Amino acid sequence: MSKNITRDLTEVLQTEQKKYYPSKKILKNANVPDYEKTLKTANKDTVKFWEKAAEDLIWFKKWNKVLDKKNKPFYKWFVGGKCNLAYNALDRHIEEGKGNKLAIIWEDETGKTKKYTYQALYEEVNKMANALRGIGIKKGDRVAIYMPNIPEIAISMLACLKIGAMHSVVYAGFSAGALEGRIKDARAKILITADGSFRRGKIIDLKKIADEAVKKCKTIKKVIVVKNNQAKIKFNKRRDIWFHDFIKDQSIETKLTKMDAEDPAFVLYTSGTTSKPKGVVHVHGGYSVGVLRTIKWVFDLKGDEIFWCTADPGWITGHSYIIYGPLMAGVTTVMYEGVPDIPTPDRVWKIIEKYNVNVFYTAPTLIRAMMRYGLKWPKKHKMKSLRILGSVGEPINPEAWKWFYNHVGKRRCPIMDTWWQTETGMNMITPLPSAPLKAGSACKPFPGIIADVVDKNGKKVPAGKGGYLIIKNQWPSMIRTIYRNPKRYKKTYWSQVKNAYFTGDVAFKDSDGYFWIQGRTDDVLKIAGHRIGTAEVESAFVSHKSVVEAGVIGIPDNIKGEVIKAFVILKKNVKGTEALKKTLKKLVRKTLGPIAVIADIEFVEKLPKTRSGKIMRRVLKAKELGLPLGDTSSLV
Ligand code: WT7
């Protein structure tokens, strides 16, 4: 069991038991007014609960079996049902006469804005769908998408789904190497990207990175390029085409492909314990059901909200709660392409006031960064439109929770601390607005989800004791497999604890049954809420000719949650200079992208290892932080 480094368990138990109750106003309006009763009813028969939830969507053909467990752990949901995720996010609203409603409000760092009604979005998506069909993309094909947070990313994703192609979105902060690996694994046929993006006033030359990646990808036949920030780019006339030219003469109507509930909708790569990222596969039917039900209940949506999730579409949070969730719920989603403190540290609060944002869903790292700028900035803004707040990506420390509650929500807005994963597709452990909250706890599992904290043998541990967080039932938006690697799917998630989904997180439950997430048990780091594998970072180090071996750990950071410290063994006769440290930092950044923040490098002679040769990162970490070493019986 990994040690609890980021927060002290006993301290949490002693000080954070205060409950924050919802106001009368919140309770009166809540979609789920009776929290405990709803949990109880749902959990009596979770399959029935999810079947009922599926009725919120439009199906072309009803399912004949809700949950098929025959070939476990390859579970199937809504078997025999026909639907399409994009249909439920778009066409449905047009058919219901809501075409004039705003679907997307977009703003970039420079202050440029664009708005799309559902009708306008629908037409753009259809044009794109037709254009994709026109170049031969068909059901089951993979389309790689490498784009900033701009409306065209939503248009491209939805267009893929309409024709039954799978998208594979790669976060635009990833490097050429990371993009190349993901394109190759998915065997994507085309890439959709942009000329560039703004960040802190600087131009990020996305197309150049994309070119470098595609050079080595034989499967890519065409590169479609959005003109986003007019950056000067190289154009390969035979291969590249501007997005606006690509869709120019297309019809605004298209034939929607009716999908089986279990047909894959997309693949999204995420880091695991080995250096190769896992392609997490989600499907049309169950994913839609889980995402729609959670967004409606957790964020209390009635259908006329302005919803702002500050994630990037390149992560699952963006897939589920910037694009598909808000659109399925028929609300307006805000997309902001830029950093939160430009031109002043109240940019975020300004956006909330400018667009009357009702639900604001963000990450602890952003909250902590804002805390550092001081109260002056949120105090300038009343943010009266806010009703519900949300947090996701990593544990939120009680201090940040209280700051968010007091100074952003002005004590009116409950905070939904949502624990979930790329693999779960939807919020899993989270309060609902009617639940009593505790600062720093993700509260209880969502209705229809049975979670627990257990030891290595799958035995429940008593309240207040740390253990492995597992999910004991199945849920509709669960990962179906790892793309082209079903063995790894089975091994990673379903072989650790018998008959349960293994989350890879450690947690404890308090005596009220509230969950407190502690962090990862495996070799996955969380930097500013972004997931990155130690093995990925280490292999980047080792790719340098002077490096023999490297071991990396996450060390606590006041804003990013974790940053990387690396222990590096150099080749004999190579001097460990400051210049070499700089070169190595640059190399890692180039290999993995700017999310892999290396705080420190230490040159060492040896690394602590197990008899079988595995680096004991736990020992490195304990030493670094001055903590007890724990069980070192396997150390050589
Ligand atoms: C890991 C999943 C889907 C959310 C975005 C990240 C950590 C996520 C919380 C939270 C404590 C959290 C876990 C989890 N995590 N949300 N509210 N409290 N930890 O998705 O990249 O797949 O990462 O993020 O460690 O396993 P992801």
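Residues numbered from 1 in each chain as written. Predicted model: local features only at pLDDT ≥ 70, side-chain atom pairs only at ≥ 80, totals over all residues. Heavy atoms only, no water.

Looking now at the overall build of the protein. Looking only at helices and strands, the protein features 20 helices and 30 strands. Relative to a compact globule of 636 residues, whose C-alpha radius of gyration would be 26 Å, the protein shows 24 Å and is just as compact. Taking the principal axes of the C-alpha coordinates as reference, the protein spans close to 65 × 60 × 60 Å. A burial count over the protein gives 61% of its 636 residues as buried. (Helix = DSSP H or I, 4+ residues; strand = E, 2+ residues; numbered from the N terminus. Rg over C-alpha atoms; globule rule 2.2 N^0.38 Å. Buried < 20%, exposed > 50% of the residue type's maximum accessible area, 1.4 Å probe, protein only.)

For the structure shown, the criterion picks out 37 aromatic pairs. Seen in terms of ring centroids, Tyr20 and Trp401 are 4.7 Å apart; in terms of plane orientation they differ by 55°. Their pairing is tilted. Taken together, the positions of Tyr20 in the loop between helix 1 (9-15) and helix 2 (24-29) and Trp401 in helix 16 (residues 398-408) put the pair 381 residues apart, joining distant regions of the chain. Accessibility classification places Tyr20 together with Trp401 in one group, the buried group. Ring geometry for Trp308 against Phe360: centres 5.2 Å apart, planes inclined by 50°, an arrangement best described as tilted. (Phe/Tyr/Trp six-rings, centres within 6.5 Å; stacked < 30°, edge-to-face > 60°.)

A word on the sheet that holds strand 28 (residues 547-557). Strand pairing in a sheet relies on backbone hydrogen bonds. The paired strands run either parallel or antiparallel. Within the open sheet, the 3 strands sit side by side as 28-29-30. Their pairing is mixed. The outermost strands of the open sheet, each flanked by one partner alone, are strand 28 and strand 30 (598-604). Pairs of neighbouring strands in the sheet enclose a mean axial angle of 25°, with direction left out of account. Taken together, the 10 bridges between strand 28 and strand 29 (residues 561-570) define a ladder with antiparallel strand orientation. Looking across to strand 29, one finds that Ile553 is bridged to Lys565. On the sheet, helix 18 (residues 534-542) packs against strand 28, strand 29 and strand 30 and is oriented at approximately 140° with respect to strand 28. (Pairing = 2+ DSSP bridges. Axes fitted to C-alpha atoms, helices over the stretch in contact; angles between N-to-C directions. Contact = heavy atoms within 4.5 Å.)

Time to look at the site of the ligand. What surrounds the ligand is a group of 17 residues, the closest being Asp417, Thr418, Thr422, Arg520 and Arg531. The contact in question runs from a nitrogen atom of the ligand to an N or O atom on the backbone of Gly393, over 3.1 Å. Between the ligand and Asp505 there is a distance of 2.8 Å, counted from an oxygen atom to a side-chain nitrogen or oxygen. Summarising the interface, the protein chains cover 97% of the accessible area of the ligand, which totals 560 Å² for the free molecule. When residues of the shell around the ligand are traced back to their parent elements, those giving at least two are helix 12 (316-328), strand 20 (415-418) and strand 25 (515-520). (Near = heavy atom within 4 Å. Polar contact = N/O pair within 3.5 Å; in protein donor to acceptor, adjacent residues only side chain to side chain. Areas by Shrake-Rupley, 256 points an atom, 1.4 Å probe, with all protein chains shown as cover.)

This part is about the pairing of strand 19 (residues 388-392). In terms of residue burial, strand 19 counts as a mostly covered element, since 5 of its 5 residues are buried. Direction of pairing for strand 18 (residues 359-362) relative to strand 19: parallel, over a ladder of 4 bridges. The residue bridging Phe360 from the neighbouring strand is Leu389, located in strand 19. Note that strand 19 and strand 20 share 4 bridges and pair parallel. Within the sheet, the bridge partner assigned to Gly390 lies in strand 20 and is Met416. Taken together, strand 19, helix 16 and strand 20 constitute a β-α-β crossover, and its handedness is right-handed. (Right-handed = clockwise from strand over helix to strand, strands pointing away.)

For the rest of this paragraph, the subject is the pairing of strand 29. Looking along a regular strand, one sees side chains alternate from face to face of the sheet. By the criterion of burial, strand 29 is predominantly enclosed, with 10 of the 10 residues buried. Where strand 28 hands over to strand 29, the hairpin turn is made up of 3 residues, counted between the paired strands. Note that strand 29 and strand 30 share 6 bridges and pair parallel. The partner of Ile564 across the bridge, within strand 30, is Ile598. Assessed by its sense of winding, the connection that carries the chain from strand 29 through helix 19 (residues 578-592) to strand 30 is right-handed.

Across the sheet, which stays open at both edges, the 4 strands sit in the order 21-22-24-25 with antiparallel pairing between neighbours. This sheet does not close on itself; its edge strands, each paired only once, are strand 21 (451-454) and strand 25. The mean inter-strand angle of the sheet, taken between neighbouring strand axes irrespective of direction, is 45°.

Right, let's talk about the side chain of His319 for a bit. Take His319: it is sitting in helix 12. On the accessibility criterion, His319 (0% relative accessible area) is buried. When residues no more than four places from it in sequence are discounted, the contact partners of His319 are Met157, His167, Val169, Phe266, Leu268, Tyr287, Pro313, Gly314, Tyr324 and Gly325.

Time to look at the domain arrangement of the protein. Entries for the protein in the domain assignment read domain 1 (24-85 + 283-452 + 483-500), domain 2 (111-260) and domain 3 (528-625). For domain 2 versus domain 3, the distance between C-alpha centres works out to 34 Å. Contacts between domain 2 and domain 3 engage 8 residues on the former and 9 residues on the latter. On the surface where domain 2 and domain 3 come into contact, there are 1 salt bridge. A salt bridge links Glu212 to Lys590, with the nearest nitrogen and oxygen atoms 3.5 Å apart. For the interface between domain 2 and domain 3, the tally reads 2 residue pairs in polar contact (both at pLDDT 80 or more). For the side of domain 2 that touches domain 3, the element with the most residues is helix 8 (residues 176-186), which contributes 3 residues. Of the residues that constitute the side of domain 2 that touches domain 3, the class distribution is 3 nonpolar, 3 polar and 2 charged. (Domains from an automatic or database assignment. Salt bridge = Lys/Arg side-chain N within 4 Å of Asp/Glu carboxyl O. Nonpolar A, V, L, I, M, F, W, Y, C, P; charged D, E, K, R; others polar.)

Closest axis-to-axis distance for the helix 4 (residues 46-54)/helix 11 (residues 284-298) pair is 9 Å, and the angle between their directions is 85°. Classified by the interaxial angle, the pair formed by helix 4 and helix 11 is roughly perpendicular. Of the residues in helix 11, those in contact with Phe49, Trp50, Lys52, Ala53 and Ala54 of helix 4 are Val289, Gly290, Arg293 and Trp297. The residue makeup of the contact of helix 4 with helix 11, split by class, is 6 nonpolar, 1 polar and 2 charged. (Parallel < 35°, antiparallel > 145°, perpendicular 65-115°, else oblique.)

Attention now goes to the nonpolar core. Within soluble globular proteins, side chains that are nonpolar generally end up buried alongside one another. Counting 193 residues, the largest nonpolar core has Phe299, Phe360 and Phe541 as its most contacted members. If sequence neighbours within four positions are ignored, Phe360 has contacts with Trp308, Thr310, Val348, Trp349, Ile352, Leu366, Leu386, Ile388, Leu389, Gly390 and Phe404. Core analysis: the second largest hydrophobic core is formed by 9 residues, Ile555, Ile569, Leu607 and Ile615 among them. (Core = buried A, V, L, I, M, F, W, Y, C linked by side-chain atoms within 4.5 Å.)

This next bit is on the environment of Arg412. Within the secondary structure, Arg412 is located in the loop between helix 16 and strand 20. For Arg412 and Ile471, which are 59 residues apart along the polypeptide, the C-alpha to C-alpha distance reads 32 Å. With residues up to four places along the chain from it excluded, the contact list for Arg412 reads Ile26, Lys382, Met383, Lys384, Leu386 and Arg387. Among the polar contacts listed, one links the side chain of Arg412 to the backbone oxygen of Met383, at a separation of 3.2 Å.

Secondary-structure assignment places Arg182 in helix 8. For the buried Arg182, no salt bridge is present, and the opposite-charge side chain at shortest range is Glu536, 4.1 Å distant. With near-sequence residues (within four places) excluded, Arg182 lies in contact with Val170, Phe174, Tyr269, Pro277 and Glu536. (Lys, Arg positive; Asp, Glu negative; His and termini not counted.)

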